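Topology and contacts: notes
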Amino acid sequence: MPATTMDQLVSLCKRRGFIFQNADIYGGLQGVYDFGPLGVELKNNLKAAWWRSMVYERDDVEGLDAAILTHRKVLHYSGHEATFSDPLTDCKRCKQRFRADHIKDGKCPECGSTDLTEPRMFNMMFKTAVGPIEGGDNFAYLRPETAQAIFTQFKNVVDATARKAPFGIAQIGKSFRNEITPRNFIFRVREFEQMELEFFVKPGTDMEWLETWKADRIDWWIDQGLDKEKLHVHKIAKEDLAHYSKATYDLEYQFPHGLEELEGIADRTDYDLGNHTRYQDELEITAHVHENKEAEGKLALFDDEAKKWYVPWVIEPSAGVERGVLAVLTEAYAEETLPNGETRTLLKLKKHLAPVKVAVIPLKRNNAEIVKLAANIKAALMKTGVGRIMLENSGNIGKAYRRHDEIGTPICITIDFESIEKQPASVTIRNRDTMAQQRVAVSDLPAYITDFFR
Ligand code: ATP
């Protein structure tokens, strides 16, 4: 099958209600997208899968949901104020702006001119005024990564949970970056969500944990339906590492526009906790009185064997939700030629990611008895808790199947005349991938659906 193109995805996403350009009616806010009725379900399902694997299935991770508005000092001491910048260059001929490190052979990607300005650094953090008086120091940042609140709340979480290393804090939430050139649909945007884990380990065990997390994260993406062959691990060269990192793997995926980063897995050393701790050292600490004076205010853990405090090191798997959505859509998109020559478009999404799990379709929209049975079946299936069950009363069974193939609904249930005329009542179940149909008793449906989505 030919590779999925970005045009195919953009068109499907708009047509069926997955993703829309933000402020479309005003010409669009560049680099900002809104998730529509199906997009919000897909996104929520992907986030829920991440949370389940990171928090519920493990016994060494706690969750956090911190604020987006971030105190200036946090991003000062984290190094972001000084270094979270990209090199910017302008083409003097076509007046377009680019990231200098994305330019090939010194030529403008738009018009080919070599007349470019010298690169200058551009800080990517968004600022916003806090309180009624603008100006001066009355501002906060919109966080450029969710990680910093994990570091600044480290002590509170440890005190509340009595965790010892190795353990992690997981968070999913919005991040903002004023990207110079947002592009490739939802791949590079200015407002996005991250799924980040900060996993705290004893110094010296970090490289081992980096490898463990790299392997874990690859397995997780494969579980979300990504083809192993399209995933690639890129070890970042020393000179290209972020300011906080000792070693980083970029987990790349073959997106429609090329092989690019889906997730970063970084050894952040003790850079962040260490820096925030050093700031604490500069303060007169009164608030956080600890039984061990040495640890006052420090973002540290107590080593029971060595009987001393230490700042743990951090391994960080950090994935973008939008890039994840784009990857699973790329992978799931398929066009099949049917025996009658027609083309069927479908999304072969993994069951747990499908926005709609089951479509319940009355064969005749005006037949009260058929519609009532369909509504009862929907109500009964809701109780299975497998996810969204949709009553699809459009009256055109062919169109309903086409729509649900295209949005990736794994199961369609059709209620026809036989369903109301013959006892025991039965319905037709149609499988998205095989198109196979089978007759199932209405009384067996909850068990069938529970089993199917297990
Ligand atoms: P890139 O090199 O592509 O700009 P990055 O290395 O700066 O990404 P990280 O800081 O490692 O990205 O962020 C972790 C993850 O957050 C990335 O792997 C990506 O999935 C996601 N992410 C980062 N920036 C964006 C963005 N502008 N739009 C969408 N997702 C993003």
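All values derive from a computational prediction rather than experimental measurement.

Cut-offs applied
- Residues numbered from 1 in each chain as written.
- Predicted model: local features only at pLDDT ≥ 70, side-chain atom pairs only at ≥ 80, totals over all residues.
- Heavy atoms only, no water.
- Phe/Tyr/Trp six-rings, centres within 6.5 Å; stacked < 30°, edge-to-face > 60°.
- Helix = DSSP H or I, 4+ residues; strand = E, 2+ residues; numbered from the N terminus.
- Buried < 20%, exposed > 50% of the residue type's maximum accessible area, 1.4 Å probe, protein only.
- Lys NZ or Arg CZ within 6 Å of the ring centre and 35° of its normal.
- Near = heavy atom within 4 Å.
- Polar contact = N/O pair within 3.5 Å; in protein donor to acceptor, adjacent residues only side chain to side chain.
- Areas by Shrake-Rupley, 256 points an atom, 1.4 Å probe, with all protein chains shown as cover.
- Nonpolar A, V, L, I, M, F, W, Y, C, P; charged D, E, K, R; others polar.
- Pairing = 2+ DSSP bridges.
- Axes fitted to C-alpha atoms, helices over the stretch in contact; angles between N-to-C directions.
- Contact = heavy atoms within 4.5 Å.
- Salt bridge = Lys/Arg side-chain N within 4 Å of Asp/Glu carboxyl O.
- Expected span 1.5 Å × (residues − 1).
- Domains from an automatic or database assignment.
- Buried area = accessible area lost by both parts, 1.4 Å probe.

Structural notes on the packing of aromatic side chains
Throughout the structure, instances matching the rule amount to 14 aromatic pairs. Between phenylalanine 154 and phenylalanine 167 the ring centres are 6.2 Å apart and the planes differ by 35°, which places this aromatic pair in the tilted class. In this pair, phenylalanine 154 is assigned in helix α6 (residues 154-161) and phenylalanine 167 in strand β10 (residues 167-176), connecting sequence segments 13 residues apart. For phenylalanine 154, a relative accessible area of 1% gives the class buried. With a centroid separation of 4.7 Å and an interplanar angle of 75°, the aromatic rings of tryptophan 220 and tryptophan 221 are classed as edge-to-face. Overall, the relative accessible area of 0% leaves tryptophan 221 in the buried class. Members of the aromatic cluster, joined through ring pairs, are Phe151, Phe154, Phe167 and Phe200. Over the face of the ring belonging to tyrosine 244 we find arginine 268, whose NZ or CZ atom lies 3.6 Å from the ring centre.

A word on the site of the ligand
Close to the ligand lie 16 residues, the nearest being Glu179, Arg188, Val189, Glu261 and Leu262. Within the side chain of arginine 177, an N or O atom sits 3.0 Å from an oxygen atom of the ligand. Contacts to the ligand include arginine 323, whose side-chain N or O atom sits 3.1 Å from an oxygen atom. In the complex, the protein chains occlude 84% of the 590 Å² of accessible area that the ligand would expose alone. Every element with two or more residues in the shell around the ligand is listed here: β11 (191-201), β14 (258-269) and β17 (313-320). At four residues, the largest contribution of residues to the shell around the ligand is made by β14. A per-class count over the shell around the ligand returns five nonpolar, four polar and seven charged.

Topic: the sheet that holds strand β6 (residues 97-99)
Reading across the sheet, the three strands line up as β6-β5-β7 and stay open at both edges, with antiparallel pairing between neighbours. Each edge of the open sheet carries a strand with a single partner, namely β6 and β7 (120-123). This sheet shows a mean twist of 45° between the axes of neighbouring strands, independent of strand direction.

Regarding the environment of alanine 400
Residue placement: alanine 400 occurs in helix α11 (residues 397-407). For alanine 400, a relative accessible area of 2% gives the class buried. On a C-alpha basis, the gap between alanine 400 and isoleucine 103 in space is 46 Å, while along the polypeptide they are 297 residues apart. Other than its neighbours up to four places away in sequence, alanine 400 contacts Ile361, Glu392 and Ser394.

So, the pattern of salt bridges
Tallied over the entire structure, the rule returns 40 salt bridges. The network of salt bridges with shared partners includes Asp86, Arg99, Asp101, Glu179 and Arg188.

Let's talk about the side chain of aspartate 250
Considering the arrangement of structural elements, one finds aspartate 250 in strand β13 (residues 247-255). Residue contacts for aspartate 250: discarding those within four places in its chain leaves His232, Val233, His234, Ile236, Glu261, Glu263 and Gly264.

Re helix α2 (residues 37-56)
For the α-helix, the turn length of 3.6 residues means that residues three or four positions removed from each other point alike. Taking 1.5 Å of rise per residue, 20 residues should cover 28 Å, and α2 covers 27 Å from first to last C-alpha, within 8% of that figure. Buried within α2 are the following residues: Leu38, Gly39, Leu42, Lys43, Asn45, Leu46, Lys47, Ala49, Trp50, Ser53, Met54 and Val55.

Some points on the domain arrangement of the chain
Under the domain assignment used here, the chain contains domain 1 (6-68 + 143-270 + 312-328) and domain 2 (356-452). Placing a centre on the C-alpha atoms of domain 1 and another on those of domain 2 gives a separation of 36 Å. Taken together, the contacts link eight residues of domain 1 with seven residues of domain 2. Both faces combined, the contact of domain 1 with domain 2 buries some 610 Å², and carbon together with sulfur accounts for 48% of it. On the domain 1 side of the contact with domain 2, Arg16, Leu38 and Glu41 bury the most area, a combined 65% of that side's loss. Run the count over domain 1 and domain 2 and you get two residue pairs in polar contact (both at pLDDT 80 or more). Going through the elements one at a time, α1 (6-16) and α2 are the ones with two or more residues in the side of domain 1 that touches domain 2. With four residues, the single largest contributor to the side of domain 1 that touches domain 2 is α2.

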